[in-house]
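Tertiary structure, described
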Amino acid sequence: INRLHARYLQRTFQHLQKVRGEVDEEGRLTAQDLRKGRTAFLLMPNDKKDVHNAMAREFYKASISLEESEAVRKGAMKQFIKGLTMTGSSLEARKFLTEHYREWQAEAEGEGSEKKSWAIHRLWNWIFEGFAREDNEEELLRTFQMAEQRGVFYTVESQRTMAMFFASKDDVKATKE
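Residues numbered from 1 in each chain as written. Predicted model: local features only at pLDDT ≥ 70, side-chain atom pairs only at ≥ 80, totals over all residues. Heavy atoms only, no water.

1. A look at the overall build of the chain
A count of helices and strands for the chain gives 10 helices and zero strands. Relative to all contacts within the chain whose residues are 6 or more apart in sequence, the contacts with residues 24 or more apart total 68%. About 10,700 Å² of surface is accessible on the chain, with carbon and sulfur atoms providing 50% of the total. (Helix = DSSP H or I, 4+ residues; strand = E, 2+ residues; numbered from the N terminus. Contact = heavy atoms within 4.5 Å. Areas by Shrake-Rupley, 256 points an atom, 1.4 Å probe, with all protein chains shown as cover.)

Given below as structure tokens:
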């Protein structure tokens, strides 16, 4: 979705949110509608991403306000983190993840814990990728240390992200580490 299309979609979405209380249930956006919109907005343009960043926030706010199931809420949170990291707000994404980390960790220790543990690794890796995309070595390394302190260690994805980042810097020593 390019910036022009995104701007039109943003205006339409904002209008639908304004008139939400004036329309019956059938005319309102559902959790499924919001999920599809969030997913579409994760397709980034080659130019500025400011509208995509704003829409990540708006979709998250709208999804949380629906008071749907825990799974819907977690899905909205995951896509919010991914949206922030893809639009240059990795620092905010990291803060959001650390604020909600206990929730994720408690869930990961329950039933199906291995799958949920990998989901946590994926969230951290999105943040690593965001800092790498932003060319922010200091925060990338700090985030990696924070993840390690929380028991999230090297995975193939995080190793690839770190190696690619340092290889792009032509830092052979750091790439090997």
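Text resumes after the structure shown.
2. Notes on empty space enclosed by the protein
As enumerated under the stated definition, the model contains three cavities of 30 Å³ or more in all. Looking at the largest cavity, the residues that line it are Arg38, Phe41, Leu42, Met44, His52, Asn53, Ala56, Phe59, Gln79, Phe80, Gly83 and Thr87. Put simply, the parts of the chain that give the lining of the largest cavity at least two residues each are helix H3 (50–65) and helix H4 (70–86). The leading source of residues in the lining of the largest cavity is H3, at four residues. By volume, the second largest cavity amounts to about 50 Å³. If you go around the second largest cavity, the residues you meet are Leu16, Gln17, Val19, Arg20, Val23, Gly27, Arg28 and Leu29. (1 Å grid on protein atoms, 1.4 Å probe; cavity = no way out; pocket = protein on both sides within 12 Å on 5 of 7 lines; lining within 4 Å. Points joined across faces, edges and corners; volume = space filled by probe spheres on them.)

3. Focus on the nonpolar core
Residues Ile81, Leu97 and Trp124 are the most contacted members of the largest nonpolar core, which totals 27 residues. Of all the secondary-structure elements, those providing two or more residues to this core are H3, H4, helix H5 (90–99), helix H6 (101–108), helix H7 (113–133), helix H8 (137–149) and helix H9 (156–168). Take this core: its biggest share by element is seven residues, from H7. In this view, tryptophan 124 contacts Arg94, Leu97, Thr98, Tyr101, Thr143, Met146, Ala147, Arg150 and Val152; residues no more than four positions away in its chain are not counted. (Core = buried A, V, L, I, M, F, W, Y, C linked by side-chain atoms within 4.5 Å. Buried < 20%, exposed > 50% of the residue type's maximum accessible area, 1.4 Å probe, protein only.)

4. Brief notes about the environment of lysine 95
Inspection of the secondary structure puts lysine 95 in helix H5. Here the alpha-carbon distance between lysine 95 and isoleucine 81, two residues 14 residues apart in the chain, equals 9.8 Å.

5. Quick look at the packing of aromatic side chains
Here a ring pair, both rings aromatic, is described through the centre-centre distance and the interplanar angle of the planes. Under the definition given, this model contains eight aromatic pairs. Ring geometry for phenylalanine 13 versus phenylalanine 59: centroids 4.8 Å apart, planes at 55 degrees, classification tilted. Of the two residues, phenylalanine 13 sits in helix H1 (residues 3–18) while phenylalanine 59 sits in helix H3, which places them 46 residues apart along the sequence. Residue classification places phenylalanine 13 among the buried residues on the basis of a relative accessible area of 6%. Classification of phenylalanine 59 by relative accessible area gives buried; the value is 6%. Between tyrosine 101 and tryptophan 124, the ring centres sit 6.0 Å apart and the planes meet at 65 degrees, which makes this aromatic pair edge-to-face. A residue pair is termed long-range when its members are at least 10 positions apart, and tyrosine 101 in helix H6 and tryptophan 124 in helix H7 qualify at 23 residues. When its relative accessible area of 6% is taken as the criterion, tyrosine 101 is described as buried. (Phe/Tyr/Trp six-rings, centres within 6.5 Å; stacked < 30°, edge-to-face > 60°.)

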